[in-house]
Structures are given as structure tokens and as C-alpha cells.
Amino acid sequence: MTIAEAIDHLGLKGWREPNPRFLSWPPDVFGLAAWLLRESGAYRMVVARNPTLLKNLKPEWIPRKGWHDQVEEIGAGWGRDISPGPPSEVAEIWRAFRKAVLHADAPPRLANIAATGLWQPLQTLLAIADTACRQVGLPKSHEVADSQNDPGAAPAHARRPMSVEALIKLYECLERHELGRASDSRHPEKARVPTTLCRDIPSDRALVLPKMRTPQTGLTIRSMSHHLALYSGAEITPVWMPTRKPNPPPVAWESERSRTYNVLVVPYPYSIRTTQFVPHVVRQHTSDSPTPFFSFDHQPLDLTPKRLQSLVQEASARVGRLHGMIFPEAAMSDVAAASLFGERGVPFDLDFLVCGVTTSPKRGELGRNEALVRIRDVEGWREFHQAKHHRWKLTEDQVRMYHASGALNPKVSWWEAIELRPRTLRFVELASDCVFSVLICEDLARPDPVGDLVRAVGPNLVIALLQDGPQMNARWPGRFAGVLADDPGSAVLTVTSLGMSELSRPMDRLSQPASRVVAMWRDPIRGVQEVTLPQGHHAVVLTMVQQDIEEFSGDGRDDGSTSTALVLGGVQTLALPAEPAPASPKRRGR
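So, here is what we can say about the structure in this document. These numbers were taken from a predicted model, which means no experiment stands behind them. (Residues numbered from 1 in each chain as written. Predicted model: local features only at pLDDT ≥ 70, side-chain atom pairs only at ≥ 80, totals over all residues. Heavy atoms only, no water.)

Let's talk about the overall build of the chain
Step number 1: Scanning the chain from N- to C-terminus turns up 16 helices and 21 strands.
Step number 2: A total of 590 residues make up the chain; the buried ones form 57% of that total.
Step number 3: Pairs at least 24 apart in sequence give 75% of the contacts found in the chain among residues at least 6 apart. (Helix = DSSP H or I, 4+ residues; strand = E, 2+ residues; numbered from the N terminus. Buried < 20%, exposed > 50% of the residue type's maximum accessible area, 1.4 Å probe, protein only. Contact = heavy atoms within 4.5 Å.)

The structure is reproduced here in C-alpha cells:
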């Protein structure tokens, strides 16, 4: 395949013209350059000892100290004002690349981008476009207003130089897909609209998304950029959820003086019986015999709104304002969640809620296992449901570990009786420099297909909801959390229920007390922290602290310490007040 044929395959119309439209839009420039470098593998040349250079390209646009300064200056200037079109340097570099692709005696092939030196202009275009879009996915109108109303305030572009006009245009690329309409797993036709910052590259060929973290180990195309991410593939639909905060922002993490998140983790249900695992018969069209499915029956909800309010009040008394609340996978049914939290909001002074909910399967059908996520912004509460991407397979070892042999035959491999819905992964904006996403159990354990997307964007926090045993670092959640902490550098929080943690007791450890390790935190700075719930306690408050860090791309550019890492700043456990015993009925006298 020639390079020209590859660009045609990417679907970029008009690229053969001397002054193509896409050249004035930084995300499209980034998308083309990053896609060609990735497909050819030529990005590796940035660390080659004696890389091949494109002849007659003046100046020599190759990664070096002077190159870094030039890229920063050109990209920052482009970001401040994109209305006149691309910088003259960008147009010059493109003309040289276009000439080499279209007017060479022998059309250069995609596989030869490294050998011909054509990686050189592509890497420079990628770096300039990436710099122009510094944290472009997270503009804040109040930052612009503050800089205009307060002469002493830092300029709005101090951390993200893109002009106000350009920010609005690019932000609309995100908003048009998500804001103002219901989009959840119950309406798959609405959930299958991917987010992309591109204007001219079709979304079914490649997507360009905002990016939060740059991996500091290894060398992949993800290593080449700080602010933009390239992703291809239609199996997982990425959706970016910008959240408009009021002006001025009320939440603590929007303040430079206090950049913390206080999150209440409720490991509910507190007790689980093995009889809650129930065989479920469903005949699949691929087999004449029924597939061995199982479902999970929830007990009546014994966590009332009043008791949950007591936990919230106690947490607020301990740490100040509480920002979010997290429940594990399959914590309750969707009906119970509606009664506990309300239909569309959260009856507490919080900013987000993440809760694992299930819909029980009807006879002969399949149910649902989803993450219910609610986010509060200036317009009120927004809600979505993200479906689990893989079924849980209960093996013989797991059936015995959970002592469920009386309910499920251990000699049979049991599959979770849930539908496999269209696969969507959302990136939810919490603050001007912090984004989280949610995975459900097997989504963490089975990296395909969601892993590449998570690593490309690098959310600051990955929340993994599990219906699993103790969250010990030596078990599988520790291994897979470590992968994401290493690349792209996300903090990972895994959460299971106390009931599942205590139910999990290997046969050779029956003499040991049941484990109460209900959560695990892992970040690339301070490592691992297992979270244990003491006897008589019912919830944990985690204080997560943002830290500005400096990251370097594979071509040697630094990000000016604009990246944000999350570390665990504190852990406090809470106990529910004892409920008063019911009053004894008065005995009537004779």
C-alpha cells in the first residue's frame, strides 16, 4: 500500500489539494500524522541513533533541543488563534510531505515511511498539533471570565493556550454527542455515537480524543503526545462527557488551594448467602442444549435512605465536603437504586454517584449488569448506564471458594446470565484537569477490547466495580490495576462488597478469619494501599489528592507540569448508628 492509498483509506477528502481544508484544524492534522506513524511503526525513529531524514527539508524538523522550542512556540501560537488558518511552518512542512508523496518517481509506500525519512515531517506535524490542543477537552468558561474580570488572575491560556473561539468550536465537538440527550445502555442506538475532535477524518476510520496521561515507560504511539489521543476501532464506542460547573465553581477540587476529592465507598451488601447464586436456564440459538447460566438474587434492601444519610453526614463531619459516592458491582437491583437515590438525582450534597446495579433475568431470558453513573453539573443531574462488557465465568475453583456448591454444581462452568449490550466507555470530567472512567469486574480482568482505549486516553482515575473476593494486591485485581498504573499512569480504585469479601474463603484457609479487605488503591507514585473495613463499620472515606506532575513524550517534549496524578491522601472508616430496637407492645391490663 502506498502512502497516498493509505490516506485515501483513512477517508480524508481533499488532502491532495495544495491548501486542504483539514490542515486548518489541529485535531485532523494530529489524526493524520499519528495514524500514518502508527500504521507504519515509524514513530520509533525519534529514538534512533542515526535516523533517516527527508532530503531538502529546511530547516531539519527533527526531535532535538531546538526543535522542542520551535514546536512549542508554533503550537502555542496556533492554539491561541486558529482562525487565520495553519501557521506558515505547518503549511511548509505539509507541502514538503505532499510533494514527496505525490510527485516522487516511485510512489513511497506506507511501510517505508521510516526508511525514506517521511517520518520527520509527520512527527513535527503531530507535535505542533498536539501542543496547539493543550488540554483542549477540558475548557472552562469561568477560567476565561476570571482572567477578564481580575487583572491579577493568571491568563486563561496559561495552562491551555487554545483561543476562546477555538475552545468553543472543539468543545462543541464533544457536546454535540452527549449533552442534552439521554444516552445509556437502555437506548443502544443513542449510545453508539463516538466522540471525536476531528472535523474531516471520518469517525469510522479513526478518532481523536482528549488525553490526560502520557505513559512514561515503553514506546508506542501513545508515547508521542500529551494532549490528544488516537484511537481506531468500532467495537468500543468512546463518549467524552464534559461537565459544566457553575461559575464560580463550588467544589473543592476546582480550587488551586484545595485540590482533593473526598469519596464515600459503601461496600454493600454487607452479607451474602450462597443461596443467592441461582441456576438459570436459557437456550442459546448456537446450541441444542441449555447453557449453564447463573443469576444473583438480591435480598430486600436493608440500607435505607435515612441510614445512608447518616453515613454521609458522618463522613462530612470527618473530612468536610463529600464529593462522591461509590458502590460495588451488583450492589443492588435497579429498582432498589431508584428507591434509595431517587429517580434522577442524588438526595445528598454530592457531585457524582457510581453504583453497580442489576436487572434480574426473566424466565428463559437474560438480565443486565450495569454501572449507574450520575453527575451533577450546572444544569442538574445527568445519568447514564454503562453495561458490563464480559460475562463472569464461575469455574469449579470459584464455586468452591465461595462455598456455593449447594447451589451450583462445581463440575460445571457457569456463565453470568446477562445480555452483552453495545460496548461503550465513557470518560467523565470531574474538574478542569481530572477525568474518570468506570470498568465492571471482567472489563478490568479481560483487557480486550477496552484496554487500548483506556491506555490511549489515560483517565486520571479508573473506578473498577467488582463482585469479587478480598481486594488484596496479590490477587488478580492487583495485577491488572498495576498494568494501568504503569501505562498510562492512571490511579485505579477497585471496590467489592463486604459480603463477597467475607464469603470468599479458600478451603485450605477455613481456620482463618474471613477477610474484610473491600477496596484497593493503586497509583504510579505511591503504589498500593489495601483498604480493610473493621468489625462494626460500614463505609470508608477515601481522600484523593491531585498532584501536578511533569511528563515527557517519546520525542522529548515536556508538558510544562500540566498533567495531574491522583494519590491517596487519607482513609477513614465509618460505622452506622445502631438502629433502635422496636418498642415492645404495651400489655393491656385485665
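Describing the packing of aromatic side chains
Step number 1: All told, the structure shown has 12 aromatic pairs when counted by the stated rule.
Step number 2: Here tryptophan 94 and phenylalanine 97 contribute two aromatic rings whose centre-to-centre distance is 5.7 Å and whose plane-to-plane angle is 35°, an arrangement assigned as tilted. Taken together, the residues tryptophan 94 and phenylalanine 97, both in helix H4 (residues 88-102) and 3 residues apart, mark about one turn of the helix. Grouping residues by exposure puts tryptophan 94 and phenylalanine 97 together as buried.
Step number 3: When the ring of phenylalanine 277 is compared with that of phenylalanine 296, the centres are 5.4 Å apart and the planes differ by 70°; the resulting orientation is edge-to-face. Taken together, the residues span a long stretch of sequence, with phenylalanine 277 in strand E5 (residues 277-282) and phenylalanine 296 in strand E6 (residues 291-296) at a distance of 19 residues.
Step number 4: Here phenylalanine 277 falls in the buried class, since its relative accessible area comes to 2%.
Step number 5: What links up through ring pairs into an aromatic cluster is the set Phe277, Phe294, Phe296, Trp392 and Tyr402. (Phe/Tyr/Trp six-rings, centres within 6.5 Å; stacked < 30°, edge-to-face > 60°.)

Re the nonpolar core
Step number 1: Among the nonpolar cores identified, the biggest contains 90 residues, and Leu264, Phe327, Met332 and Phe436 are the most heavily contacted of them.
Step number 2: If one sorts the elements of this core by residue count, strand E15 (residues 434-440) sits on top with 6 residues.
Step number 3: When sequence neighbours within four positions are dropped, the list of residues in contact with methionine 332 reads Tyr268, His298, Leu301, Phe327, Ala337, Leu340, Phe341, Cys355, Gly356, Val357 and Thr358.
Step number 4: Listed in part, the 60 residues of the second largest apolar core include Ile7, Ile62, Leu118 and Leu125. (Core = buried A, V, L, I, M, F, W, Y, C linked by side-chain atoms within 4.5 Å.)

Details of the sheet that holds E15
Step number 1: Strand order in the open sheet made by the 7 strands is E3-E14-E15-E16-E17-E18-E19, with mixed pairing throughout. Two strands lie at the open edges of the sheet, namely strand E3 (237-241) and strand E19 (527-532), each paired on one side alone. Within this sheet the neighbouring strands show an average axis-to-axis angle of 20°, counted without direction.
Step number 2: Bridge analysis of strand E18 (residues 517-523) against E19 gives 6 bridges, and the strand direction is antiparallel. Residue pairing in the sheet places tryptophan 521 in a bridge with glutamine 529 of E19.
Step number 3: Of the strands in this sheet, strand E16 (461-465), strand E17 (491-495) and E18 touch helix H15 (residues 476-486), which is tilted by about 25° from E18. (Pairing = 2+ DSSP bridges. Axes fitted to C-alpha atoms, helices over the stretch in contact; angles between N-to-C directions.)

Side note on the pairing of strand E14 (residues 424-431)
Step number 1: The buried fraction of E14 is high, at 8 of 8 residues.
Step number 2: Pairing geometry for E3 and E14, over 5 bridges, is parallel. Considered in E14, the bridge of valine 239 is made with arginine 426.
Step number 3: In this sheet, E15 lies alongside E14 in antiparallel orientation, the contact comprising 3 bridges. Note that in E15 the partner of valine 428 across the bridge is phenylalanine 436.

As for helix H11 (residues 334-341)
Step number 1: When we look at burial in H11, the residues that qualify are Ala336, Ala337, Leu340 and Phe341. Along the axis of H11, the buried positions cluster into a sector of 110°, meaning they face one direction only. Of the exposed residues in H11, the ones pointing more than 90 degrees away from its buried face are Val335 and Ser339.
Step number 2: The secondary structure elements touched by the buried residues of H11 are helix H10 (305-319), strand E8 (332-333), strand E9 (352-359) and strand E10 (368-377).
Step number 3: Looking one or two residues past H11, glycine 342 carries a phi angle of roughly 95°, positive in sign. (Arc of directions from axis to C-beta.)

Describing the sheet that holds strand E12 (residues 393-394)
Step number 1: Strand order in this open sheet of 4 strands is E5-E6-E13-E12, and the pairing throughout is mixed. What marks the edges here is a single partner per strand, and that holds for E5 and E12.
Step number 2: When E5 meets E6, the two strands line up antiparallel, connected through 6 bridges. When the bridges of E6 are listed, valine 278 appears paired with serine 295.

Description of unusual backbone geometry
Step number 1: That bond from tyrosine 268 to proline 269 is cis: its omega, 0°, falls within 30 degrees of zero.
Step number 2: Within the secondary structure, proline 269 sits in the loop between strand E4 (260-265) and E5.
Step number 3: Residue proline 449 is reached from aspartate 448 by a cis peptide bond, and omega for that bond is 0°.
Step number 4: In this fold, proline 449 is placed in the loop between helix H13 (442-445) and helix H14 (451-457).
Step number 5: At histidine 403, a residue that is not glycine, the phi angle is positive and equals roughly 55°.
Step number 6: With respect to the element layout, histidine 403 can be found in the loop between helix H12 (396-401) and strand E13 (414-416).
Step number 7: On the accessibility criterion, histidine 403 (29% relative accessible area) is partly exposed.
Step number 8: Its identity is not glycine, yet serine 561 carries a phi of approximately 60°, on the positive side.
Step number 9: Counting through the fold element by element, serine 561 comes out in the loop between strand E20 (539-549) and strand E21 (563-574).
Step number 10: Given the relative accessible area of 31%, serine 561 is considered partly exposed.

Any functional reading would require information that these geometric values do not contain.
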